[in-house]
Amino acid sequence: MTSLDDGGTPMTLNRPATDPAFAALLLASHLRLVGAPLCPARWDTDQEAARWLYDRAPFGLLAHDTSADPLFVYANSTAQERFGYSWDEFVGMPSRLSARPDGRQDRDAFVRAVRADHYATGYRGIRVGKDGRPFRIEDVTMWDLMDARGRIHGQAAVFRSWSPAAG
């Protein structure tokens, strides 16, 4: 499973979590489509940005590819901690599995809204961790991973708030 960055270089599911080209795509597409920077800081290099997004961002950040049953291609440390999956467990997992079966219709509607407008904000929903415990994510923004040429490589989502949810 691969997607392409702006230069046409394949970005595979097994690329490193701190891939600078992927971080640049995340940040640039968010700025272009949402109209605001994803992060308050600016970095001297894409590598510094990639490390901050993965290791130190105070929000959960996930991305999936464009396959028919989208697969996660990225999950930062905050998202991994919240869901209870390691990088190797997250990457390649169908993104639909992040929601409980009774919440997948709502999640799918949000994904469709992003496809229509290239981004959507204000989502909240129930997700389920590896241990089966549900939790609520709030203040979610999702956007297309769109390169400068307008090619879509997947979608990314940031959740800035989470709390336990009733089982």
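Residues numbered from 1 in each chain as written. Predicted model: local features only at pLDDT ≥ 70, side-chain atom pairs only at ≥ 80, totals over all residues. Heavy atoms only, no water.

**So, the packing of aromatic side chains**
Note on aromatic pairs: each is described by the distance of the centres and the angle between the planes. Operational definition: Aromatic pairs are defined between Phe, Tyr and Trp rings, using the six-membered ring for Trp, whenever the two ring centres lie within 6.5 Å; interplanar angles under 30 degrees are classed as stacked, those over 60 as edge-to-face, and all others as tilted. Buried means the residue's accessible area, taken with a 1.4 Å probe over protein chains only, is under 20% of the maximum for its type, while exposed means over 50%, and partly exposed covers the values in between. Definition used: whenever NZ (Lys) or CZ (Arg) falls within 6 Å of the ring centre and also within 35 degrees of the ring normal, the charge is taken to sit over that ring.
Taken as a whole and assessed by the stated rule, the structure comprises 13 aromatic pairs. Taking the centre distance of 5.4 Å and the plane angle of 65° together, the rings of Y85 and F90 count as edge-to-face. For the pair shown, Y85 and F90 are each scored as buried. Taken together, the ring pairs in this structure connect F72, F83, Y85, F90, F135, F159 and W162 into an aromatic cluster. Lying over the aromatic face of F135, R82 brings its terminal NZ or CZ to 4.5 Å of the ring centre.

**Things to note about the pattern of salt bridges**
Stated precisely, the cut-off is as follows: The salt bridge definition used is simple: a Lys or Arg side-chain nitrogen within 4 Å of an Asp or Glu carboxyl oxygen.
Taken as a whole and judged by the stated rule, the model has eight salt bridges. A salt bridge links D19 to R15; the nearest nitrogen and oxygen atoms lie 3.6 Å apart. Note that R100 is salt-bridged to D102, the shortest N-O span being 3.4 Å.

**Points about the layout of surface pockets**
It is the rolling of a water-molecule-sized probe over the atoms that shows where space remains empty. The line we're drawing: Lining residues are defined by having an atom within 4 Å of a point belonging to a cavity or pocket. Those points lie on a 1 Å grid over the protein atoms alone, cavities being sets where a 1.4 Å probe fits but cannot get out and pockets being open sets with protein on both sides within 12 Å along at least five of seven lines. Grid points are joined across faces, edges and corners, and a volume is the space filled by probe spheres set on the points. Put simply, DSSP H or I for four residues or longer makes a helix, DSSP E for two residues or longer makes a strand, and each gets a number counted from the N terminus. Each residue is assigned to one of three groups, with Ala, Val, Leu, Ile, Met, Phe, Trp, Tyr, Cys and Pro labelled nonpolar, Asp, Glu, Lys and Arg labelled charged, and all others, Gly among them, labelled polar.
Taken as a whole, the largest pocket holds about 290 Å³ of empty space. Taken together, 14 residues make up the lining of the largest pocket; nearest its centre are L27, L31, A41, R42 and W43. Broken down by secondary-structure element, the contributors of at least two residues to the lining of the largest pocket are α1 (20-34) and α2 (46-56). When residues in the lining of the largest pocket are grouped by element, the largest group, four residues, is from α1. Looking at side-chain class alone, the lining of the largest pocket contains ten nonpolar, one polar and three charged residues.

**Concerning the pairing of strand β5 (residues 119-128)**
Along any regular strand, the residues point their side chains to alternate faces of the sheet. Worth spelling out the cut-off: Strands are treated as partners if at least two bridges between them are detected by DSSP.
Strand direction decides the pairing type here: β5 and strand β6 (residues 134-146), joined by eight bridges, are antiparallel. Within β6, the position partnered with A120 by the bridge is M142. Turn length for the β5-β6 hairpin, with the two strands adjacent in sequence and antiparallel, is five residues, and the turn residue G132 shows positive phi of about 90°.

**What about empty space enclosed by the protein?**
Enumeration according to the criterion identifies two cavities of 30 Å³ or more in this entry. Of the pockets and cavities examined, the largest cavity occupies roughly 180 Å³. As for the largest cavity, its lining consists of 18 residues, of which L62, S98, R127, M142 and A157 are closest to the centre. Listing elements by their share of the lining of the largest cavity, those giving two or more residues are β3 (60-64), α5 (104-117), β5, β6 and β7 (152-164). It is β7 that provides the largest number of residues to the lining of the largest cavity, a total of four residues. Taken together, the residues that form the lining of the largest cavity break down as twelve nonpolar, four polar and two charged.

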